[in-house]
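Listed here are the chains, written in short residue letters.
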Amino acid sequence: MLEEVERWLTRRSWSCDDRPLNRLTDARAADPRRTSVSVVLPALNEEATVGAIVATIRRELMEKVRLVDELVVIDSGSTDSTAAVARAAGARVVHRDAILPRVPALPGKGEVLWRSLLVTSGEIVCFVDADLKDFSADFVSGTVGPLLTDPAVQFVKAMYDRPLGGRAGQGGRVTELVARPLLNLHWPQLAGFVQPLGGEYAVRRSLLERLPFPVGYGVELGLLVDALHTVGLDALGQVDVGVRVHRHQDGQALGRMAAAIYRTAQLRLSRGHLVRPALTQFERGEHGFVPRTHAVDTEERPPMREIAEYAERHAA
């Protein structure tokens, strides 16, 4: 590991206990305009978990204390009761297709995160995945904490244990097999991030609006790499929030995620000739193995500040 990264680990890695809630609310009260917080949950068919997450954030961080200003669930086309459950729990629910309708929506998590900037107003934006179980408000207060208390910090990722099948530390298979090797080999300054692909992180809007967004699974790696090049390592941090439990993907879904992440990395490495944007996987059928070819996410959305509707909204 680079000496620079070893120093960074001692200066920019924290526990959520390092910043108790009263310290964060005091920081908010001192400068409420610059410390407004929006929490965004991208959701697709998450009726089983989204309600408990929304209810916890409302109760712990909007009612008991005023840390979060707005809580928005972006529904990316759910066919279950995700929207109704989230609304009943106290979130504002916006359908992906209702945001920036002149630009047809593409499938993918990054697309939803990009569009969320148009329907939120907080100077700090905190993203939280909607499939988390046993959710703790520490995922939000922990990641926004350094942004509220240190103006030099721009981007904060959550770090946590990821159990799988009852065994600690066995989750995050795409992280260990794809993302961590890519980062260590090509962006060694980012080798200190424990969960580089984690979906829980908080970022200053002034940085987010300058970054392109891969529309699919590559969004977390893309944002992290581009943030490094935009604001430097010392503006990035991570906070230990304990344990993350969520619904695990099957092996083929993980393969598609891995391909999208590799594609995102390769684009940033070369900006030239690209790998073929398709992945063939195999399923056993009645007469043997059947190939199934899937497109790999290749689109990226431009920095939000280049979108006319966003510029007009912020000029008003």
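You'll find the structure just up there.
In this report, we go over the structure that sits alongside the text. Because the structure is a prediction, the values reported are computed rather than measured. (Residues numbered from 1 in each chain as written. Predicted model: local features only at pLDDT ≥ 70, side-chain atom pairs only at ≥ 80, totals over all residues. Heavy atoms only, no water.)

Here Thr82 shows up in helix α4 (residues 82-89). Looking at Thr82, its side chain comes within polar contact range of the main-chain nitrogen of Glu47, at 3.2 Å. In contact with Thr82, other than residues within four places in its own chain, are Ala43, Asn45, Glu46, Glu47 and Val50. (Helix = DSSP H or I, 4+ residues; strand = E, 2+ residues; numbered from the N terminus. Polar contact = N/O pair within 3.5 Å; in protein donor to acceptor, adjacent residues only side chain to side chain. Contact = heavy atoms within 4.5 Å.)

Pairing is mixed in the open sheet, where eight strands are placed in the order β1-β10-β7-β8-β5-β2-β3-β4. Each of the sheet's edge strands pairs with one partner strand only, and the pair in question is β1 (13-15) and β4 (92-95). Along the sheet, successive strands turn relative to each other by an average axial angle of 25°, direction set aside. The pairing of strand β2 (residues 37-43) with strand β3 (residues 70-75) spans six bridges and is parallel. Across the sheet, the residue bridging to Leu41 is Val73, located in β3. Sheet contacts for α4: β2, β3 and β4; angle to β4, the most-contacted strand, approximately 155°. (Pairing = 2+ DSSP bridges. Axes fitted to C-alpha atoms, helices over the stretch in contact; angles between N-to-C directions.)

On to the pairing of β4, then. Bridge count between β3 and β4: four bridges; the pairing is parallel. Its bridge partner lying in β4, Val73 is registered against Val93.

This part is about the pattern of salt bridges. Enumeration over the complete set of coordinates arrives at 22 salt bridges. In this structure, Asp31 and Arg34 form a salt bridge, with 3.9 Å as the shortest nitrogen-oxygen distance. (Salt bridge = Lys/Arg side-chain N within 4 Å of Asp/Glu carboxyl O.)

For Asn45, which is not glycine, the phi dihedral falls at a positive 55°. Here Asn45 is to be found in the loop between β2 and α3 (50-63). Even without being glycine, Leu100 reaches a positive phi, approximately 50°. Of note, Leu100 is situated in the loop between β4 and α5 (109-116). Overall, Leu100 belongs to the buried group, its relative accessible area being 6%. (Buried < 20%, exposed > 50% of the residue type's maximum accessible area, 1.4 Å probe, protein only.)

A few words now on the nonpolar core. Ranked by size, the top nonpolar core spans 49 residues in total, and within it Ile74, Phe155, Val174, Leu190, Phe213, Leu221 and Leu236 carry the most contacts. Those elements giving two or more residues to this core turn out to be β3, α5, β5 (124-127), α7 (173-186), β8 (201-204), α8 (205-208), α9 (219-231) and α10 (251-270). When residues of this core are assigned to their parent elements, the largest contribution, seven residues, is made by α9. Leave out the neighbours within four places in its chain, and Leu236 touches Trp8, Arg12, Phe155, Leu190, Phe193, Leu224, Ala227, Leu228 and Val231. Grouped together as the second largest cluster of nonpolar side chains are 41 residues, Val54, Ala83, Val93 and Ala202 included. (Core = buried A, V, L, I, M, F, W, Y, C linked by side-chain atoms within 4.5 Å.)

In this structure, the second largest pocket encloses a volume near 240 Å³. Residue lining of the second largest pocket: 13 residues in total, with Arg34, Thr35, Leu147, Pro151 and Arg204 positioned closest to the centre. The leading source of residues in the lining of the second largest pocket is helix α6 (residues 138-149), at three residues. (1 Å grid on protein atoms, 1.4 Å probe; cavity = no way out; pocket = protein on both sides within 12 Å on 5 of 7 lines; lining within 4 Å. Points joined across faces, edges and corners; volume = space filled by probe spheres on them.)

For the structure shown, the criterion picks out five aromatic pairs. Centroid distance Phe155 to Tyr201: 5.7 Å. Interplanar angle 5°. Geometry classified as stacked. With Phe155 in strand β7 (residues 155-161) and Tyr201 in strand β8, this residue pair connects regions lying 46 residues apart in the sequence. By relative accessible area, Phe155 is classed as buried at 0%. (Phe/Tyr/Trp six-rings, centres within 6.5 Å; stacked < 30°, edge-to-face > 60°.)

Another aspect to go through is the pairing of β7. For β7, the buried fraction is high: six of the seven residues fall into the buried class. Bridge count for β7 against β8 is three bridges, and the pairing is antiparallel. Each residue of the ladder has a partner; that of Phe155, found in β8, is Val203.

Count 3.6 residues to each turn of an α-helix, and residues three or four apart come out pointing the same way. Its 13 residues place the ends of α9 18 Å apart at the C-alpha level, agreeing with the 18 Å of an ideal helix rising 1.5 Å per residue. For α9, the buried fraction is high: ten of the 13 residues fall into the buried class. (Expected span 1.5 Å × (residues − 1).)

Our next topic: the packing of helix α2 (residues 21-30) against α6. One can describe the packing of α2 onto α6 by two numbers: an axis separation of 10 Å at closest approach and a directional angle of 45°. Judged on the interaxial angle alone, α6 and α2 are oblique. Classified by chirality, the crossing of α6 by α2 is left-handed. For the pair α2 and α6, the contacting residues are Leu21, Arg23, Leu24, Ala27 and Arg28 in the first and Ser141, Gly145, Leu148 and Thr149 in the second. Looking at the contact of α2 with α6 residue by residue, the classes come out as four nonpolar, three polar and two charged. (Parallel < 35°, antiparallel > 145°, perpendicular 65-115°, else oblique. Left-handed = near helix turned anticlockwise from the far one by under 90°. Nonpolar A, V, L, I, M, F, W, Y, C, P; charged D, E, K, R; others polar.)

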